[in-house]
Amino acid sequence: MARMIRIFDTTLRDGEQSPGASMNLEEKLIVAKQLARLNVDIIEAGFAYSSPGDFEAIRRIAQEVEGPIICSLARARPEDVDRAWEALRGAPKIRIHTFISTSDIHLKHQFRLTRDQARERAVEMVQRARGYVEDVEFSPMDATRSDPKYLYEVLEAVITAGATTVNIPDTVGYAAPQEFGMLIRGIRENVSNIKQAIISVHCHNDLGVAVGNSLAAIGAGQVECTINGIGERAGNASLEEIVMGLRTRKDFYGADTQIQTEEILKSSRLVSNITGMVVQPNKAIVGANAFSHASGIHQDGLLKEKTTYEIMRPESIGLGKSTLVMGKLSGRHAFRQRLEELGYKMTDEELNKAFERFKRLADQKKEVYEEDLEVIISEELQTIPETYRLKSLHVESGTDTVPTAQIELEIDGKSSRQVGKGDGPVDAAYRTIAVMTETKSTLLTYVVKAITGGTDAQGEVMVKVEEGAKTVTGHGSDTDIIVASAKAYLNALNKLAYWKSRKDEKISYKEA
Ligand code: KIV
Ligand code: ZN
């Protein structure tokens, strides 16, 4: 019998720390509900003390998402632990996750604490958290650069104080797989009360081995990871790689998870759509090329017997033929039913907006696929106020014309028109929008892709825009890629305008 490893998903906390990946409340709720369908064991929904936005997202997720344990991060400070509890209280399955560094580098230069002081703070905060909840996780930050003997002492002390999970982070992605495996073994052998807690691992990908490190330490009972591996800097260990690694090589690891793997691809697409973090085509498990065989020899083998070159079935991660879901004659009732089958429950107002959008799309494109619906939903459920709204767009371009865009926007409720030129149709549209909105932002990234096959497919555009220290992503989709491009740019500018109006800037978990 395979040992069951708990999957602790931190897409909404560590994942959201990826530059430009911030999500609003509705987006976080959509992702959390998908994580529940994926059947993760624990969702780290955010860091309650860091901002009112994070607090509210944790509160709503804890109240509304059924299945997984919902967790909030908290620095080892009383006000953080109290705030985590306030966000979680009243919900059925909750955990507080508190942490402090144990490496001398961090203690000396960042926290300005002695080892004894840090251990005492850890113990006090675990006790405080246990005063609120039964389920408390403690992380010694920068564990892999800590003196192992001191690390063992801290772990023993926090377990005595009531920690039920002890998580070992490779915070800066420094460890090598064998070394990390040995560290976990050392903890099992040297922390006298370790059997009273679950050991967890949390690896970052700075040297490209976050998944390798996590799997090398699979004697642990919990793995922390994110969808598509998003997270601080080079990211966290990717959930889909860990889960499929264990499932496919159960014979070797003797371990498995409870993950509903058929939901993996959908989760990956959803997080990519919402955050604007594009998945590289050659990414393991969820990349566009992960299951396509180009070489003639491989194709020949596959036609004769699938297992010659296929170690996992594409259907096992939810990759099948694009399912045709609806057409232009489908009604509102069928539309709602189809969305519910896909796992989306909407209010009447949300449904009306999404249905209108679906009808327009069905007029343009005859056949609407599941992927089209996912994009409509992730765009329509956003509640960023539309400071700038696209009313109309006409572009002229070709081999012997200077590309020109004629745009009408509604800006704060007032209509405004402008004509502008550029190096190509998208450039002309973007320059014109920049003049009309008087934006001071810089466009960092522009990516366009087709959502499904065929020349009538919707084009989906993702942009990354920066103003000062703030980076936001915008996305837009349409069967006309210039319109999709304008929508994506305006979506990013609306996010910037919203952010400026709220000034709800998060504090980072590294601000000790
Ligand atoms: O990487 C890290 O050390 C963390 C901790 C807060 C667990 O994310
Ligand atoms: Zn981390």
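A brief structural summary.

So, about the packing of aromatic side chains. Enumeration according to the criterion identifies 7 aromatic pairs in this entry. With a centroid separation of 6.0 Å and 85 degrees between ring planes, the pair formed by Y430 and Y446 is classed as edge-to-face. With Y430 in helix α16 (residues 425-437) and Y446 in strand β16 (residues 442-450), the pair connects residues that are 16 residues apart, well separated along the chain. You can call Y430 buried: its relative accessible area is 7%. Of the residues examined, Y446 reaches a relative accessible area of 31% and is grouped as partly exposed. In textbook terms, an aromatic cluster arises when at least three aromatic residues are bridged by ring pairs, as seen for F335, F355 and F358. The residue whose ring lies beneath R83 is F55, and the NZ or CZ to ring-centre distance is 3.8 Å.

Here we come to the layout of surface pockets. What the second largest pocket holds in volume is close to 770 Å³. Forming the walls of the second largest pocket are 23 residues, and the residues nearest its centre are R357, E379, E380, E386 and K487. Secondary structure elements with two or more residues in the lining of the second largest pocket: α14 (348-365), α15 (370-380), β13 (388-396), β18 (470-478) and α17 (481-502). For the lining of the second largest pocket, the leading source of residues is α14, giving 6 residues. In terms of residue class, the lining of the second largest pocket is built from 6 nonpolar, 7 polar and 10 charged.

Strand order in the open sheet formed by 3 strands is β16-β17-β18, and the pairing between neighbours is antiparallel. Each of the sheet's edge strands pairs with one partner strand only, and the pair in question is β16 and β18. Neighbour to neighbour, the strand axes of the sheet diverge by 15 degrees on average, direction disregarded. The pairing of β16 with strand β17 (residues 459-467) spans 8 bridges and is classified as antiparallel. Across the sheet, the residue bridging to T445 is K464, located in β17.

Conventions we followed
Residues numbered from 1 in each chain as written. Chains lettered and ligands numbered in written order. Predicted model: local features only at pLDDT ≥ 70, side-chain atom pairs only at ≥ 80, totals over all residues. Heavy atoms only, no water. Phe/Tyr/Trp six-rings, centres within 6.5 Å; stacked < 30°, edge-to-face > 60°. Helix = DSSP H or I, 4+ residues; strand = E, 2+ residues; numbered from the N terminus. Buried < 20%, exposed > 50% of the residue type's maximum accessible area, 1.4 Å probe, protein only. Lys NZ or Arg CZ within 6 Å of the ring centre and 35° of its normal. 1 Å grid on protein atoms, 1.4 Å probe; cavity = no way out; pocket = protein on both sides within 12 Å on 5 of 7 lines; lining within 4 Å. Points joined across faces, edges and corners; volume = space filled by probe spheres on them. Nonpolar A, V, L, I, M, F, W, Y, C, P; charged D, E, K, R; others polar. Pairing = 2+ DSSP bridges. Axes fitted to C-alpha atoms, helices over the stretch in contact; angles between N-to-C directions.

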